[in-house]
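For reference, the chains in residue letters:
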Amino acid sequence: MRRRLIQKLREKGINSERVLEAMGNIPRHIFFENAFLEHAYQDKAFPIGHGQTISQPYTVAFQTQLLNISPGDKVLEIGTGSGYQAMVLHDLGANLYTIEYQKPLYERTKNFLPQLGYKIHFFQGDGSKGLKAHAPFDKIIVTAGAPTVPNSLIEQLRIGGCLVIPVGDNTTQQMLRLTKVSDRKISKEVFSNFSFVPLKGEEGWR
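Residues numbered from 1 in each chain as written. Predicted model: local features only at pLDDT ≥ 70, side-chain atom pairs only at ≥ 80, totals over all residues. Heavy atoms only, no water.

Let's talk about the packing of helix α3 (residues 57-67) against helix α4 (residues 84-91)
Part 1 of the reasoning: The geometry of α3 relative to α4 is characterised by a closest axis approach of 11 Å and an angle of 35° between their N-to-C directions. The chirality of how α3 crosses α4 is right-handed. On α4, the residues touching V60, Q63, T64 and L67 of α3 are Y84, Q85, V88 and L89.
Part 2 of the reasoning: Among the residues forming the contact of α3 with α4, the class breakdown is five nonpolar, three polar and no charged. (Axes fitted to C-alpha atoms, helices over the stretch in contact; angles between N-to-C directions. Helix = DSSP H or I, 4+ residues; strand = E, 2+ residues; numbered from the N terminus. Left-handed = near helix turned anticlockwise from the far one by under 90°. Contact = heavy atoms within 4.5 Å. Nonpolar A, V, L, I, M, F, W, Y, C, P; charged D, E, K, R; others polar.)

So, the packing of aromatic side chains
Part 1 of the reasoning: Within this structure, the stated rule accounts for nine aromatic pairs.
Part 2 of the reasoning: Relative to F194, the ring of Y58 has its centre 6.2 Å away and its plane inclined at 20°; by these criteria the two rings are stacked. Linking Y58 in helix α3 with F194 in strand β9 (residues 186-194), this pair joins segments that are 136 residues apart in sequence. Comparing Y58 with F194 shows no difference in burial state: the two are buried.
Part 3 of the reasoning: Judged by centre distance (5.2 Å) and plane angle (50°), the ring pair of F62 and F194 falls under tilted. Here F194 lies in strand β9 and F62 lies in helix α3, a separation of 132 residues in the sequence. With respect to burial, F62 and F194 carry one shared label: buried.
Part 4 of the reasoning: The lysine or arginine in question, R28, covers the ring of Y84, its NZ or CZ lying 5.4 Å from the ring centre.
Part 5 of the reasoning: Lying across the ring of F137, K74 places its NZ or CZ 5.3 Å from the centre. (Phe/Tyr/Trp six-rings, centres within 6.5 Å; stacked < 30°, edge-to-face > 60°. Buried < 20%, exposed > 50% of the residue type's maximum accessible area, 1.4 Å probe, protein only. Lys NZ or Arg CZ within 6 Å of the ring centre and 35° of its normal.)

Focus on α4
The α-helix winds at 3.6 residues per turn, so residues separated by three or four positions along the chain end up facing the same way.
Part 1 of the reasoning: For α4, the tally of buried residues reaches six of eight residues, placing the bulk of the element in the interior.
Part 2 of the reasoning: In the segment just after α4, G93 is the residue with positive phi, at about 100°.

Description of helix α5 (residues 103-115)
Part 1 of the reasoning: Over its 13 residues, α5 extends 19 Å from the first C-alpha to the last, a length consistent with the 18 Å expected when each residue adds 1.5 Å.
Part 2 of the reasoning: Buried within α5 we find L105, Y106, T109 and L113. Buried residues of α5, viewed axially, fall in a sector of 95°; they line one side.
Part 3 of the reasoning: The elements touched by buried residues of α5 are β1 (46-49), β2 (52-54), α4, β4 (95-100) and β5 (121-124).
Part 4 of the reasoning: G117, located one to two residues past α5, shows a positive phi value of around 95°. (Expected span 1.5 Å × (residues − 1). Arc of directions from axis to C-beta.)

What about the sheet that holds strand β8 (residues 173-180)?
Part 1 of the reasoning: Reading across from one edge, β5-β4-β3-β6-β7-β8-β9 is the order of the seven strands in this open sheet, with mixed pairing throughout. The open sheet is flanked by β5 and β9, the only strands paired with a single partner. Across this sheet, the average inter-strand angle for adjacent strands is 15°, counted without regard to direction.
Part 2 of the reasoning: With five bridges connecting them, strand β3 (residues 74-78) and β4 associate as parallel partners. Across the sheet, the residue bridging to I78 is I99, located in β4. (Pairing = 2+ DSSP bridges.)

Let's talk about the pattern of salt bridges
Part 1 of the reasoning: Tallying each qualifying case throughout the model produces seven salt bridges.
Part 2 of the reasoning: Two residues, D73 and K139, come together in a salt bridge whose shortest N-O distance is 2.8 Å. Note that D73 is positioned in the loop between α3 and β3 and K139 in strand β6 (residues 137-142), a separation of 66 residues in sequence. When sorted by exposure, D73 lands in the same class as K139, which is buried. (Salt bridge = Lys/Arg side-chain N within 4 Å of Asp/Glu carboxyl O.)

Digging into the nonpolar core
Part 1 of the reasoning: With 44 residues, the main nonpolar core has L9, M23 and L89 as its most contacted residues.
Part 2 of the reasoning: Taken together, the elements giving at least two residues each to this core come down to α1 (2-11), α2 (17-25), β1, α3, α4, α5 and β7 (157-168).
Part 3 of the reasoning: The element contributing the most residues to this core is α3, with six residues.
Part 4 of the reasoning: Sequence-distant contacts of M23, defined by excluding residues within four places in its chain, comprise R2, I6, L9, P57, V60, A61, Y84 and V88.
Part 5 of the reasoning: Grouped together as the second largest cluster of nonpolar side chains are 20 residues, I99, A146, I154 and L199 included. (Core = buried A, V, L, I, M, F, W, Y, C linked by side-chain atoms within 4.5 Å.)

Next up, the structure:
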């Protein structure tokens, strides 16, 4: 089932072999109860409680491919959720910092992923404001839909770093890749439309 999923991602335009290999190695079914195992390798999102979802595999692959992770990159993930996206980033060699707004999800994932051997820096709080104490970051990924691009995240990027974030209304967002060319210049690329849960927080949806 996992091989079929990876083939489907390839057919839908994911061409980074590193991303496909990482996702092909991760047992997505560990996030599903036995009654729902048939959903684990379908290309769709699935609820994980607290109004959140484990993202659609294509969305995870698309955002990860845009980030273009190099081993050792210091990466900030906004929205830990189930931890599936975090596993992909970690397996690509990211030095990963991840922050979750919902405390029960944070507690669950912070305890679960280390049991699988994942060494990740976990935080709980308002991800729309980033993690100023640990900035700057080479890459930032936001796994929830924002009404606008949070200024705090731009400020916490190093020069040459990039932010991948879906921005729009409550139903549809455009995927953006923002590269920090200098302190005063940001280059913007716009990609496909997606639908994410809302980014909660002071610089997100209140």
